[in-house]
Amino acid sequence: MKKPNSLLLTRKRLLAVVIAITFLFCALAGRLFFLQIVRGGFLRAKAAEQWYRDLPLTAPRGNILDCNGAVLADNRNVYTVYVRPRAVKDFAAVSRALSEALNLDYDKLYKKLSEKLVSEITVMRRVEEETAEKIRDLSLDGIYFTVDSTRNYPGGNRLEQVLGFTNIDNVGQNGLEGYYDKYLTGVKGIALTESDMQGVQLSGGVTKYVPAVPGCNITLTIDSNVQAFAESAVDGAKTEWNSKSASMIVMDVDTGGILAMASTPSYDNNDPPRDDIDILNALSKNKMIVDVYEPGSTFKIFTTAIALENGAAHESDRFYCPGYRMVDGQRIKCWRSIGHGSQELTEGVKNSCNCVFMDLAQRVGTQKLYEGLRSFGFGSKTNIDFYGESRGILMNEQSVKNVDLARIGFGQAVAVTPLQLITGVCAAVNGGTLYEPYFVSEVNSFDGMNVYTREPKKVRTVISESTSTLLRGMLEKVVSEGGGKKAGVAGFTVGGKTGTAQKYENGHIAQGKYISSFVGFAPADNPKYAVLMIVDEPSSYAYYGSIVAAPYAGKVFENLFAYTGMTPAPTEDVKTVIMPELSQMSLTEALRKLKELGLQCEIAGNTDKITGVLPMPGTEIPEGDVVLIRTEEIEI
């Protein structure tokens, strides 16, 4: 009776053993599956970390090109020097070699290399290739190198405020380098070298590479040749007038593309003054996009356009200028203290008569004027592809009094960025279309695949074609017959407007400090290019935009016509006259004499006593040129 029970018990024990063995086998199989399949990738990576030393391979930053493919920013190779202490056989020799080659303190370097129990120490970054080769030729154990790249700007100080710069890690800090950093930055690679547990490279070990992927290349609307014209102009103006600064923008009238943007003083982008952050910020700031200024008479373009568009003025309207207007009990002077007398609207624009533009602003009214100014883009950002753009300053519409409205009409009590101004001018003369300004036209991968293409972006229509045509004709007369004469180019039609604005400091007029400017377009009948020239604080009483800024805009237009192969119309020989002696004459007599000779005139001062003239008497000058008469200044 007991034997069957014993047999059953034995079978149960065997079954339990089989089940246990099966369970253990399944558990082991599951564990192996988990380690080899589920965790396999992670564990292989951990193993590789123990058997390989990895060094990063910096991805080349994308190039920045001008519209013709000329390189504005690329890269050059530099090296990072590493030391692996466990691979060093002679710390003294390694420390001595590196301290001499890299100009480092020997004692500090020796202590750092010999006492720190770390696998790897970065000794120096951005080591030039020649220096790295000298160190490599010493064949000292424990010294390693990786190839990095640093930014290179072939033009040096060309376009520095536009391009911006990168930091030591080749990350864009400002300018287009910062704005388009996500496109310009590539994907880093890695070099894996077989080594032992101490980090020492194995003899005959294999190095594996995961190549870096270069960043995208960006193509700008900038034309390097036009940029050279602009930079020559700002350098020349700053030198001639010993000004605080000089700036220029050249824009494509029909697209909003920036062809050139230059400013001085500047710095070499290959060696920015990183040790003085205040100087670096001051020199690298793009004032034409970031800063605002009171535009003065260049703003009269928009008052005229808005008045014509709203039917508040007509070409044949007449205005009388006695040299001032009384508004809200305040006497607001015209720039010409003796007045311009009776004149039609076209003459008022040509003469830049403040009284005309005060009248136009009053006719239009605050609401309509503000609607027009906002339509032209004032008081808001242009949305250019650049960081830090300012909105400009428009007074609160509800706070504008008649006296404020009058001043806004001729370019006071309002602040704009140079970019806003030239963008608005393009809209005023191209038929009435406001375009969004931009720098980058294309983004392409390193292998040529297109990533992004920028098309001109129409924002809105600001005035009619007929108003734009009429305005172009008026502004052409400013250059052919008026104060913008020095911006003219023989054989071509140029339109534009001069500007001379007093500067303010701490809420008060800064005596003797002016911003002289000229904004123009050409050809006047079918504009293709717009140029804005600004000279900040010319150190001479010849501070008028017609004398200080217009000539340099004219030089750029002349270069543009030659560069683009435009054919000039036949012209007569330029007649010249001799600058007369005016010092013994009254102002009225002097003006009569200049008119007889066919000369234009700017007047600095508000009395009848002449104290100086420019150019000097006896100088041969072109007929129709602009001369300056300085008279005594008294408080009114």
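Since we're looking at a predicted model, the values are computed, not measured.

J.: I would appreciate a short explanation of helix H3 (residues 91-102) in the present structure.
T.: Owing to its 3.6 residues per turn, the α-helix brings residues three or four apart onto one side. Taking 1.5 Å per residue as the helical rise, H3 with its 12 residues ought to reach 16 Å, and the 16 Å between its terminal C-alpha atoms agrees with that figure. Inspection of H3 places Ala 93, Val 94, Ser 95, Ala 97, Leu 98, Ser 99 and Leu 102 among the buried residues, and these make up the whole buried set. For H3, the secondary structure elements touched by its buried residues are strand E3 (71-83), helix H4 (106-115), strand E4 (121-128), helix H5 (129-136) and strand E5 (143-152). Near the N-terminus of H3, the side chain that reaches the backbone nitrogen of Ala 92, with its oxygen 3.2 Å away, is that of Asp 90.

J.: Before we go on, may I ask you to explain the packing of aromatic side chains in this structure?
T.: Within a pair of aromatic rings, the relevant descriptors are the distance that separates the centres and the angle that separates the planes. Tallied over the entire structure, the rule returns 15 aromatic pairs. Each ring, one from Trp 335 and one from Tyr 544, has its centre 6.3 Å from the other, and the planes form 65°; the classification is edge-to-face. Of this pair, Trp 335 sits in the loop between strand E13 (330-333) and strand E14 (341-344) while Tyr 544 is found in the loop between strand E21 (529-536) and helix H19 (545-548), placing the two residues 209 residues apart along the sequence. Residue classification places Tyr 544 among the buried positions, given a relative accessible area of 8%. The interplanar angle of 25° and the centroid separation of 5.1 Å between the aromatic rings of Tyr 543 and Tyr 544 together place this pair among those described as stacked.

J.: Help me out: how do you make sense of the environment of Thr 304 in this one?
T.: Along the chain, Thr 304 falls in helix H12 (residues 300-309). Judged by its relative accessible area of 2%, Thr 304 falls in the buried class. A sequence separation of 53 residues divides Thr 304 from Phe 357, and the C-alpha atoms of the two residues are 7.5 Å apart. With residues up to four places along the chain from it excluded, the contact list for Thr 304 reads Val 349, Phe 357, Leu 360, Leu 471 and Met 474. At 2.8 Å, the side chain of Thr 304 and the backbone oxygen of Lys 300 are in polar contact.

J.: Explain the pattern of salt bridges here, please?
T.: Any two side chains of opposite charge can pair if their charged atoms end up close together. Summed over the entire model, instances satisfying the criterion amount to 23 salt bridges. Measuring nitrogen to oxygen at the nearest pair gives 3.4 Å for the salt bridge that ties Lys 350 to Glu 481. Here Lys 350 is found in helix H13 (residues 345-351), whereas its partner Glu 481 is found in the loop between helix H18 (465-480) and strand E19 (495-505), with 131 residues between them in sequence. Given a relative accessible area of 34%, Glu 481 falls into the partly exposed group. The salt bridge partner of Arg 374 is Glu 397, with a shortest N-O separation of 3.1 Å. Here the residue Arg 374 occupies a position in helix H15 (residues 366-375), and Glu 397 occupies one in the loop between H15 and helix H16 (402-409), the gap between them amounting to 23 residues.

J.: Which parts of the structure should I look at to understand the environment of Arg 274?
T.: Relative to the helices and strands, Arg 274 resides in the loop between strand E10 (258-264) and helix H10 (277-284). With 107 residues separating them in the primary sequence, Arg 274 and Asn 167 have C-alpha atoms 9.6 Å apart. Arg 274 has contacts with Phe 165, Thr 166, Asn 167 and Leu 280, leaving out every residue within four places of it along the chain. A distance of 2.9 Å separates a polar atom in the side chain of Arg 274 from the backbone oxygen of Thr 166.

J.: Would you mind going over the side chain of Arg 472 with me for this structure?
T.: Looking at the secondary structure, you find Arg 472 in helix H18. For Arg 472, which is buried and forms no salt bridge, the nearest opposite charge comes from Glu 465, at a distance of 4.0 Å. Apart from residues lying up to four places away in sequence, Arg 472 is in contact with Val 429, Asn 430, Gly 431, Glu 465, Phe 521, Ala 524, Asp 525 and Pro 527.

Conventions used here
Residues numbered from 1 in each chain as written. Predicted model: local features only at pLDDT ≥ 70, side-chain atom pairs only at ≥ 80, totals over all residues. Heavy atoms only, no water. Helix = DSSP H or I, 4+ residues; strand = E, 2+ residues; numbered from the N terminus. Expected span 1.5 Å × (residues − 1). Buried < 20%, exposed > 50% of the residue type's maximum accessible area, 1.4 Å probe, protein only. Contact = heavy atoms within 4.5 Å. Polar contact = N/O pair within 3.5 Å; in protein donor to acceptor, adjacent residues only side chain to side chain. Phe/Tyr/Trp six-rings, centres within 6.5 Å; stacked < 30°, edge-to-face > 60°. Salt bridge = Lys/Arg side-chain N within 4 Å of Asp/Glu carboxyl O. Lys, Arg positive; Asp, Glu negative; His and termini not counted.

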